[in-house]
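Each chain, written out:
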Amino acid sequence: MAEVKDVKIEESWKELLNEEFEKPYFANIKTYLLEQKQAGKTIYPPGPQIFNAFKMVPVDQLKIVILGQDPYHGPGEAHGLSFSVPMGVRVPPSLRNIYKELESTVEGFQRPKHGNLEAWANQGVLLLNAFLTVEHKKPKSHQKIGWAKFTDAVIQTISEKCEGVIFMLWGGFAKKKAALIDENKHLVLKAAHPSPLAGTAFLGNNHFMLANQYLATKGKEAINWHLATL
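Once a new chain begins, its residue numbering starts again from 1 and follows that chain's sequence as written. Owing to the predicted nature of the model, reporting of local features is limited to residues with pLDDT of at least 70; listing and counting of side-chain atom pairs is limited to 80 or more, with chain, interface and lining totals taken over all residues. With hydrogens and water set aside, each side-chain value is computed from the structure's full complement of heavy atoms.

> How do you make sense of helix α3 (residues 24-38) when you look at a structure like this?
Three- or four-residue spacings in an α-helix give side chains the same orientation, since the helix completes a turn every 3.6 residues. In this text, helices come from DSSP runs of H or I with a minimum length of four residues, and strands from runs of E with a minimum of two, each type numbered from the N-terminal end. Multiply 1.5 Å by the residue count of a helix minus one, and that product is the helix's expected span. Its 15 residues give α3 an end-to-end C-alpha distance of 21 Å, which sits within 8% of 21 Å, the value for a rise of 1.5 Å per residue. All of the buried residues in α3 are Y25, F26, A27, I29, L33 and Q36. In what follows, residue pairs with any heavy atoms lying within 4.5 Å of each other are defined as contacts. As for α3, its buried residues are in contact with α2 (18-21), β1 (43-44), β4 (134-135) and α7 (147-161). Only protein chains enter the calculation, and the probe is 1.4 Å; a residue is then buried if its accessible area is under 20% of its type maximum, exposed if over 50%, and partly exposed in between.

Here it is, written out as structure tokens:
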């Protein structure tokens, strides 16, 4: 079994998710990833960044969950935050559509030249992928190794243990996760996926402003959605 002390995750999450780390499926994930690495496979994101979303948002600072599917599968793209890429990496198509929505709904938003969303994470936005790893150039390659069980448990635990969290569920896959959330305690916002494959269906959902309005009703500080335009 996986030992909790071996999991490189922020302490408040380690405590909240203690039972999950003790389950056999989580040990199986760890074993699978080690075997893949030993076989010479390239896995994204790098090991220290797999739990980056949790590292940047301690439980008591959590305001919003933006759920993605799996990490970007190209070199240098994934860094453990859904929809985000490190500085210097080309802005992915889905994120370009997210920026379009922000331009049309958030006053003064200027589209940045980068795709790094760490500024959101630093304000309590958990940028969570349903599958936390992926093999090089093989999208969804790790969707059946156990990550879905883990992130479903994360969503359900947040629903049960936290109050007034906003869940942004984009696309059919993410929308199904609403079944894990108590909508009497939390706000669930649903929209089409921001991928260009969905055309313009994502645009006009107003999620970013709706989220800040909801935070205000809970006496919480709004998210500053603006990003450095460098």
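> Would you explain the environment of A78 in this entry?
On the secondary structure map, A78 appears in the loop between β2 (64-68) and α5 (93-105). Beyond its immediate stretch of four places on either side in the chain, A78 contacts Y44, P45, P46, Q49, P71 and Y72.

> Whenever I open this one, the pattern of salt bridges confuses me. Can you help?
Pairs can form between side chains of opposite charge once their charged atoms are near each other. The rule for a salt bridge is simple: a side-chain nitrogen of Lys or Arg has to be within 4 Å of a carboxyl oxygen of Asp or Glu. Per the stated rule, a full pass over the model turns up seven salt bridges. A salt bridge links K138 to E135; the shortest N-O distance between them is 3.5 Å. Among the residues examined, E135 registers a relative accessible area of 9% and is labelled buried. Of the charged contacts in the structure, one is a salt bridge between D152 and K177, with a shortest N-O distance of 2.7 Å. On the criterion of sequence distance, the pair formed by D152 in helix α7 and K177 in the loop between α8 (172-175) and β6 (187-191) is long-range, its members being 25 residues apart.

> In this structure, what is going on with the packing of α5 against helix α9 (residues 207-217)? I would like to understand it.
The axes of two packed helices give the description: the angle between them and the distance between them. Interaxial angle, 0 to 180 degrees, is taken between N-to-C directions of lines fitted to C-alpha atoms, where a helix line uses only the stretch in contact. Where α5 contacts α9, the axes come no closer than 8 Å and their chain directions differ by 60°. Here α5 lies oblique to α9, going by the angle between them. On the side of α5, the interface is formed by I98, E101, L102 and T105, while α9 contributes H207, F208 and M209. In this classification, Asp, Glu, Lys and Arg are treated as charged, Ala, Val, Leu, Ile, Met, Phe, Trp, Tyr, Cys and Pro as nonpolar, and every other residue, Gly included, as polar. In terms of residue class, the contact of α5 with α9 is built from four nonpolar, two polar and one charged. Throughout this description, any angle smaller than 35 degrees is read as roughly parallel, any larger than 145 degrees as roughly antiparallel, any in the 65 to 115 degree range as roughly perpendicular, and the remainder as oblique.

> Would you explain the sheet that holds β2 in this entry?
Two modes of strand pairing occur in sheets, parallel and antiparallel, and in both the strands are linked by backbone hydrogen bonds. Here a strand pair is declared whenever DSSP counts at least two bridges between the two strands. On the basis of which strands lie adjacent, the open sheet formed by four strands has the order β3-β2-β5-β6 and parallel pairing. Bordering the open sheet on either side are β3 (125-129) and β6, each of which pairs with just one other strand. Adjacent strand axes in the sheet meet at a mean angle of 20°, parallel and antiparallel pairs treated alike. In this structure, strand β5 (residues 166-170) lies alongside β6, joined through five bridges in parallel fashion.

> Help me understand the pairing of β5, please; the structure alone is not making it clear to me.
Remember that side chains alternate between the two faces of the sheet whenever the strand is regular. Among the five residues that make up β5, five are buried, leaving the element largely enclosed by the rest of the structure. Side chains I166, M168 and W170 of β5 all project onto a buried face; the interleaved residues F167 and L169 project onto the opposite face, where all are buried too.

> Got a minute to help me understand the environment of G88 in this structure?
Structurally, G88 is set in the loop between β2 and α5. Each C-alpha atom, one on G88 and one on Y72, is 15 Å from the other, the two residues being 16 residues apart in sequence.

> What's the story with the packing of α3 against α7 in this structure? I'm lost.
Viewed as axis vectors pointing N to C, α3 and α7 meet at an angle of 135°, and their least axial separation amounts to 9 Å. Comparing their axes, α7 and α3 come out oblique. Crossing of α3 over α7 shows left-handed handedness. Residue-level contacts link Y25, F26, I29 and L33 of α3 to W147, K149 and F150 of α7. Less than a right angle of anticlockwise turn of the near helix away from the far helix marks a crossing as left-handed, whereas a clockwise turn marks it as right-handed.

> Would you take a moment to explain the layout of surface pockets for this structure?
Cavities and pockets are found on a 1 Å grid laid over the protein atoms alone: a cavity is a set of points where a 1.4 Å probe fits but cannot escape, a pocket is an open set with protein on both sides within 12 Å along at least five of seven lines, and a lining residue has an atom within 4 Å of such a point. Grid points are joined across faces, edges and corners, and a volume is the space filled by probe spheres set on the points. Roughly 760 Å³ of internal volume is contained in the largest pocket. Among the elements of the structure, α4 (52-56), β2, α5, β3 and α8 are those that each provide at least two residues to the lining of the largest pocket. Space inside the second largest pocket adds up to approximately 560 Å³. Lining the second largest pocket are 18 residues; nearest its centre among them are K30, L33, L34, G47 and I50. No other element matches α3, which puts six residues into the lining of the second largest pocket. Each residue belonging to the lining of the second largest pocket can be placed in one class, and the counts come to 12 nonpolar, one polar and five charged.

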